[in-house]
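Here is how the chains run, residue by residue.
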Amino acid sequence: IQGRKLVGYAAESAHGCVARAFDMAGLGMQALRRVPVDAAFKLDMAALQRMVAQDRTAGFEPFLVVGTAGTVDTGAIDPLADLAAFAREQGLWFHVDGAFGALACLSPAHAPALAGIEQANSIALDFHKWAQTPYDAGCVLVREEGRQAAAFAQSLAYLSREERGVAAGAPWFCDLGPDLSRGFRALKVWFTLAGFGTEGLGNVVAQCCDVARYLAERVKATPSLELLAPVTLNVVCFRVKEGAADLDTLNAELVKDLQESGIAVPSTTIVQGKLAIRAAIVNHRTTQQDIDIMLHAVLELAQKRTGAKVPYAQGQPLPV
Ligand SMILES: *Cc1c(COP(=O)(O)O)cnc(C)c1O
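Further remarks concern the packing of aromatic side chains. If you walk through the whole model with that rule in mind, you get three aromatic pairs. Measuring from ring centre to ring centre gives 6.0 Å for Phe-100 and Trp-130, while their planes differ by 65 degrees; the resulting arrangement is edge-to-face. Here Trp-130 lies in the loop between strand S5 (122-126) and strand S6 (138-142) and Phe-100 lies in the loop between strand S4 (93-97) and S5, a separation of 30 residues in the sequence. For the pair Phe-100 and Trp-130, a shared accessibility class is recorded, and that class is buried. Taking 5.2 Å as the distance between ring centres and 80 degrees as the angle between the ring planes, the aromatic pair formed by Trp-190 and Phe-191 counts as edge-to-face. Its relative accessible area of 55% is what places Trp-190 among the exposed residues. Over the aromatic face of Phe-60 sits the side chain of Arg-33, whose NZ or CZ is 4.7 Å from the ring centroid. The side chain of Arg-161 reaches across the aromatic face of Trp-172, ending 4.2 Å from its centre.

Moving on, we come to the site of the ligand. Looking at the ligand, the residues that line it are His-15, Cys-17, Gly-70, Val-72, Asp-97, Ala-99, Phe-100, Asp-126, His-128 and Lys-129. Asp-126 has a polar side-chain atom sitting 2.8 Å from an oxygen atom of the ligand. The contact in question runs from an oxygen atom of the ligand to an N or O atom on the side chain of His-128, over 3.0 Å. Contact with the protein chains covers 72% of the free accessible surface of the ligand, which is 390 Å².

Attention shifts here to the sheet that holds S4. In space, the six strands of this open sheet follow the order S2-S1-S3-S4-S5-S6, with mixed pairing throughout. Both outer strands of the open sheet, strand S2 (32-35) and S6, are each paired with one neighbouring strand and no more. Put simply, the sheet's adjacent strands are angled 20 degrees from each other on average, direction ignored. Where strand S3 (residues 61-68) meets S4, five bridges bridge the pair, whose relative direction is parallel. When the bridges of S4 are listed, Val-66 appears paired with His-95. Across the sheet, helix H2 (residues 45-57) touches strand S1 (6-11), S2 and S3, and the angle it forms with S2 is around 150 degrees.

Thresholds applied
Just so you know, the residues in each chain are numbered from 1, in the order the chain's sequence is written. It should be noted that, the model being predicted, local features are given only for residues of pLDDT at least 70 and side-chain atom pairs only at 80 or more, the latter also being counted only at that level, while totals for whole chains, interfaces and linings use all residues. In computing side-chain values, all of the structure's heavy atoms are included and hydrogens and water are not. Each aromatic pair joins two rings of Phe, Tyr and Trp (for Trp, the six-membered one) with centres within 6.5 Å, and gets the label stacked for planes under 30 degrees apart, edge-to-face for over 60, and tilted for any other angle. Each helix is a run of H or I in the DSSP string that is no shorter than four residues. Each strand is a run of E no shorter than two, and both are numbered from the N terminus. Per-residue accessibility, obtained with a 1.4 Å probe over protein chains only, is compared with the maximum for each type, and a residue is labelled buried under 20%, exposed over 50%, and partly exposed between these values. Two conditions define a charge sitting above a ring: the NZ of Lys or the CZ of Arg must be within 6 Å of the ring centre, and it must be within 35 degrees of the ring normal. By convention in these notes, a residue is near a molecule or strand provided one of its non-hydrogen atoms lies within 4 Å of it. Between N or O atoms, a polar contact is any pair within 3.5 Å; within protein, one atom must be a potential hydrogen donor and the other a potential acceptor, and residues adjacent in sequence are included only when both atoms are from side chains. Reported accessibility uses the Shrake-Rupley method at a 1.4 Å probe radius. Residues are deemed covered only where the shown protein chains occlude them. Any two strands with at least two DSSP bridges between them are considered paired. Between N-to-C directions, angles span 0 to 180 degrees; the directions come from axes that are lines fitted to C-alpha atoms, helices contributing only their stretch in contact. Two residues form a contact once any of their heavy atoms are found within 4.5 Å.

Below, the structure is given as C-alpha cells:
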C-alpha cells in the first residue's frame with residue numbers, strides 16, 4: 001500500500017457529509033469517487049465495479065464504499081446487499097449512511113428494504129431525525145470495537161487508565177471518537193428508547209411511510225402537481241407543474257410562502273434538474289389531515305401567485 005493513494009466510493013446521491021469526512025480525514029474530497037445512480041436514484045453497481053477496476057489499474061488503493069439507506073434527496077436505498085458482497089470480494093470497508101433510514105429496520109414492514117445493512121462494517125444513524133430525539137444525537141455503530149479504539153484512543157500521561165478510582169472502566173467513550181470532553185447525549189437517547197421502545201419507534205416509521213405514500217397518491221391524483229421521484233420511505237418530492245414559465249422559481253417561492261405561513265415546512269432540492277418541494281415526514285404526530293392541509297395551501301398559494309392559472313384537481317372538491 002506504501003505510496004498508493006486511498007480512494008473511496010459513494011453514489012452521486014450520497015450526503016455531503018461523506019465528502020466532508022474525506023476532507024477532515026486528510027484524504028481530500030477528490031479521493032471520494034462519485035458513482036452514478038440509476039433511474040430510481042440508487043447507486044449503479046456496474047458503474048461502481050468499473051470505477052474500482054479502473055482505479056486499481058491506475059495504481060490507486062480503493063478502501064471504502066459507502067451505501068446510503070435513505071438518501072437525503074429522495075429517500076432512495078442503495079443496493080446494500082450487493083454493496084456488501086462487492087465490498088467483501090474487493091476487501092473494502094462497507095459503511096452505511098443510515099442517518100434517518102437505518103431506523104426503518106425497526107418496522108417489520110420496511111426492514112426488508114434495508115436487507116444487507118446488517119453486513120456493514122459501520123453504520124451512521126441519527127436519533128434526532130426519525131427517532132424523535134431533540135438535536136443533536138448522532139450515532140455510529142461499528143462492528144469491531146477494537147478498530148474504533150485503535151483509531152482514536154490516545155495514551156497520554158494525564159489520561160492513564162487505572163484498575164480502580166475515577167480513571168477505571170476503560171475503554172472510555174473518548175477512546176471511540178475524536179471528542180475528549182463530551183456531552184451526555186446518551187441520556188436523551190435512553191429516554192427515547194425507554195419512552196417509545198423499539199416497537200414504538202418502528203410504528204412511527206411505518207406511520208410516517210404511510211403518510212408519505214398518502215401524499216404521493218394525492219399528488220398523483222392532482223393534475224396540476226407532479227411527483228418527481230419514487231417514494232421509497234418517508235421522503236416525497238413533488239412540484240406544481242403548470243401556471244408559470246419558470247416552474248423552478250414558482251416552486252421555490254411557494255416553499256418560502258408555505259414556510260412563512262407557518263402551515264408546513266417542506267424544504268427544496270433538485271431532482272433530475274427540477275426544483276422539487278421536498279416533504280420529509282418524520283414526526284410521529286403528522287397525519288393524513290396535515291398532508292391535506294399542506295396540499296390545500298400549496299394549491300391556494302399557487303393560485304394566488306399565478307393569478308389562478310393553477311386549478312385545483314379537476315372535478316374534485318378542495319383537498320380539505
Ligand atoms: C441528515 C443526513 C445526514 C447529516 O446528518 P446530521 O447528523 O444531521 O448532520 C447525513 N446523511 C443523510 C442521508 C442524512 O439524511
